[in-house]
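Take a look at the letters that make up each chain.
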Amino acid sequence: MQNLGSIGLVMTKQLCTRIIYLMMMVDEKAVADGDTVTVYVSTLTPREEACVPQAVQVATVERAKARAQRNYTKADALHKQITDAGYRRIDTPESSMPYGKEAKEELIRLVVGKSLKVLIFDEDHYGRCVGDIYCNGVFVQERMLNKGLVWHYGANDKRPELEKWEKDARDKRIGLWASTNPEKPWEWRKNCREQR
């Protein structure tokens, strides 16, 4: 079993699938927030193992060695390399923001105890996987958009259905759209950085 990393609920520019991962069952601890889940690929299946990026395979082996040697500093650094695989092109409120807790709870309801199918389309400029997540036939990004728990990054993904799902939630004033002017998480994070 190898940790592919945290796969954010991502939306892509490209519609051509490069890799399809079938993930192992998701544990509640794997859900970091409303748009990030750490996923694992079973390397017992040669097809799945062949799809795991080489850098992740190497880091996974090295991390296991570091943990066996009780070198937890090195193991933690390698774990960060492994789990920084996700990139979010939809964004949920941060945990301390309004609807941050609700977004995480919804993602937990959607994925915990289930296996995921992640369609990887590309890598971003940081080398992180970019793809769509499905759970038992449900397109996770669609569900989160319809419930008004995420923003769609239209500049990075031009699929009209994604824009429509967000607009429908806005029009119905569902979730975070119940507020007249919900604070965007990327602006909130920028303000936090500037205050340091």
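You'll find the structure just up there.
In this text the structure is predicted, and so the values were computed from the model without any measurement.

Reading the values: rules and limits
For every chain, the first residue of the written sequence is number 1, and numbering continues from 1 onward in sequence order. Selection of residues for local features in this predicted model requires a pLDDT of at least 70, selection of side-chain atom pairs for listing and counting requires 80 or more, and totals for whole chains, interfaces and linings are taken over all residues. Working from all heavy atoms in the structure, the side-chain values ignore hydrogens and water. The rule for a salt bridge is simple: a side-chain nitrogen of Lys or Arg has to be within 4 Å of a carboxyl oxygen of Asp or Glu. Each helix is a run of H or I in the DSSP string that is no shorter than four residues. Each strand is a run of E no shorter than two, and both are numbered from the N terminus. Partly exposed residues are those whose accessible area sits between 20% and 50% of the maximum for their type, while under 20% is buried and over 50% is exposed, using a 1.4 Å probe and protein chains only. Take the number of residues in a helix, subtract one, and multiply by 1.5 Å to get its expected span.

Draft legend 1. Just the pattern of salt bridges, in detail. Counting across every chain of the model gives 11 salt bridges. Across the pair R109 and E106 runs a salt bridge whose closest N-O atoms are separated by 2.9 Å. Here the residue R109 and the residue E106 both occupy positions in helix α4 (residues 100-111), the gap between them amounting to 3 residues, near one helical turn. R109 sits in the exposed class, given a relative accessible area of 52%. One salt bridge in this structure joins R159 and D132, with 2.9 Å as the shortest N-O distance. With R159 in the loop between β9 (151-152) and α6 (160-172) and D132 in strand β7 (residues 129-135), this residue pair connects regions lying 27 residues apart in the sequence. An identical accessibility class is assigned to R159 and D132; each is buried. Each member of the salt-bridge network shares a partner with another, and the members are D91, E94 and R189.

Draft legend 2. Just helix α2 (residues 54-68), in detail. For α2, spanning 15 residues, the distance from its first C-alpha to its last is 21 Å, which sits close to the expected 21 Å at 1.5 Å a residue. Within the span of α2, buried status applies to V56, Q57, A59, T60 and A66. R70 sits one or two positions beyond α2 and adopts a positive phi of about 60°.

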